[in-house]
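Residues per chain are reported as follows:
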Amino acid sequence: VSGEGVPRSEGADSEQNSTESSAYMIEEWIKLHYPYVEVIKLHSKSNLFRYDENIAFVKKRLLPKLETIRDYKAIQLGEKWPDAFKITVSIASGSPARITAIQASLRNYKPEFLHIWQRKTFWEKSMICLDDIEFLSSNDVDTLAAERVSSLDGNLELCVKQLIKLKNKYKATLLSQNHDMHSFWHRKSKKVVLSVLLVEKDEIDPKTGQKL
């Protein structure tokens, strides 16, 4: 993935503020050392320093390309496609808007990350040092902190508690080998979605005195 940043000077050429040439160099390096690897380049001519431009690029260019590859693997391998579809994001430095947009868009795929935090080693010694590279799992970079159920507001706490009950009931159902939930409904996708719908009415429960 490469892009261009709109220069501050009105007469400046935006291609001089582009990483597209670097993408071609990386492609040639990969072809030389790993000829069996297919390289797909995606370049955006919109301003990579703007968050909204990056969101548009991710939605219109990056995600559709990944979804095409994902769908092909699903057709090819069936329910085993997740084992052959892994994403690793390699980052060093760059536009925070571009990095954040890509990271957020790939959240459902739980990508892994290669962070090259020290680039001067290569510049000074013409070699790549593994100590300068961090390998991080999706969980390592997830910054959403867990919250106690008791700290949530009333309606949200109620939904979470009901969802936990539903999850436990579902797991107990799966343990029953004779139930069609185990043998039929999730035999292909293996994607389970449990949800709780809260409906608030302008009525008072006569027993508890609380609004329904």
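So, here is what we can say about the structure in this document.

What counts, and at which threshold
- Each chain carries its own residue numbering, running from 1 in the direction its sequence is written.
- Residue-level local features of this predicted model are given only where pLDDT is at least 70; pairs of side-chain atoms are given and counted only at 80 or more, and the full residue set underlies all totals for whole chains, interfaces and linings.
- Calculated side-chain values reflect all of the structure's heavy atoms, with hydrogen atoms and water omitted.
- Centres within 6.5 Å are what make two rings of Phe, Tyr or Trp a pair, Trp counting through its six-membered ring; a difference in plane orientation under 30 degrees is then read as stacked, over 60 as edge-to-face, and the rest as tilted.
- Residues belong to one nonpolar core when they are buried, are Ala, Val, Leu, Ile, Met, Phe, Trp, Tyr or Cys, and are joined through side-chain atoms within 4.5 Å.
- Residue exposure (1.4 Å probe, protein chains only): buried if accessible area is under 20% of the type maximum, exposed if over 50%, otherwise partly exposed.
- Under the scheme used here, helices are H or I runs from DSSP no shorter than 4 residues and strands are E runs no shorter than 2 residues, and both carry numbers assigned from the N terminus.
- Any two residues having at least one pair of non-hydrogen atoms within 4.5 Å are treated as being in contact.
- Criterion used throughout: strands pair if DSSP finds at least two bridges between them.
- Lines are fitted to the C-alpha atoms to define the axes, a helix being fitted only along its stretch in contact, and any angle between axes, read from their N-to-C directions, falls within 0 to 180 degrees.
- Note on handedness: a crossover is taken as right-handed if, strands pointing away from the viewer, the path from the first strand over the helix to the second is clockwise.
- Here the angle decides the label: under 35 degrees means roughly parallel, over 145 means roughly antiparallel, 65 to 115 means roughly perpendicular, and every other value means oblique.
- Should the near helix be turned anticlockwise from the far one by less than a right angle, the crossing is termed left-handed; should it be turned clockwise, right-handed.
- The residue classification treats Ala, Val, Leu, Ile, Met, Phe, Trp, Tyr, Cys and Pro as nonpolar and Asp, Glu, Lys and Arg as charged. All others, Gly included, are polar.
- N or O atoms closer than or at 3.5 Å make up a polar contact, with two conditions inside protein: a donor-capable atom paired with an acceptor-capable one, and, for residues adjacent in sequence, both atoms drawn from side chains.

### With respect to the packing of aromatic side chains
- Scanning the entire structure with this criterion turns up four aromatic pairs.
- Aromatic side chains W29 and Y34 sit 6.0 Å apart centroid to centroid with 55° between the ring planes, which places their arrangement in the tilted category.
- Three or more aromatic residues joined by ring pairs make a cluster, and in this case those are W29, Y34 and Y36.

### With respect to the nonpolar core
- Membership of the largest hydrophobic core comes to 14 residues, with the highest contact counts inside it found for V58, L62, L66, I87, V89, I102 and L106.
- Of all the secondary-structure elements, those providing two or more residues to this core are α2 (51-77) and α3 (96-105).
- Counting residues per element, this core draws most heavily on α2, which supplies five residues.
- Apart from residues no more than four positions distant in its own chain, V89 is found in contact with L106, P111, E112, F113 and L114.

### Comments concerning the sheet that holds strand β4 (residues 112-116)
- Taken in spatial order, the three strands of this open sheet run β3-β4-β5, and their pairing is mixed. In this open sheet, the two strands that pair with only one neighbour each are β3 (88-91) and β5 (133-136). Each neighbouring strand pair of the sheet contributes to a mean axis angle of 15°, computed without reference to strand direction.
- The sheet contact formed by β4 and β5 spans four bridges and is antiparallel. Directly across from I116, in β5, lies its bridge partner I133.

### Describing the pairing of β4
- Of the pairings in the sheet, the one linking β3 to β4 comprises four bridges and is parallel in character. Residue pairing across strands places V89 opposite F113, the latter belonging to β4.
- On the question of chirality, the crossover connecting β3 to the parallel β4 by way of α3 is right-handed.

### Notes on the packing of α2 against α3
- Remark: α2 packs on α3, axes separated minimally by 9 Å, with the N-to-C direction vectors making an angle of 45°. By the angle between their directions, the pair α2 and α3 is classed as oblique. Two packed elements cross with a definite hand, and for α2 against α3 that hand is right-handed. Judged by residue contacts, Y51, N54, I55, F57, V58, L62 and L63 of α2 engage A97, R98, T100, A101, I102 and S105 from α3.
- Taken together, the residues of the contact of α2 with α3 break down into nine nonpolar, three polar and one charged.

### Considering unusual backbone geometry
- Residue K110 is not a glycine yet carries a positive backbone phi of 50°.
- Along the chain, K110 turns up in the loop between α3 and β4.
- Exposure remark for K110: the relative accessible area of 60% places this residue in the exposed category.

### Quick look at the side chain of E4
- Inspection of the secondary structure puts E4 in strand β1 (residues 2-4).
- Polar side-chain contacts of E4 include one of 3.2 Å to the side chain of H43.

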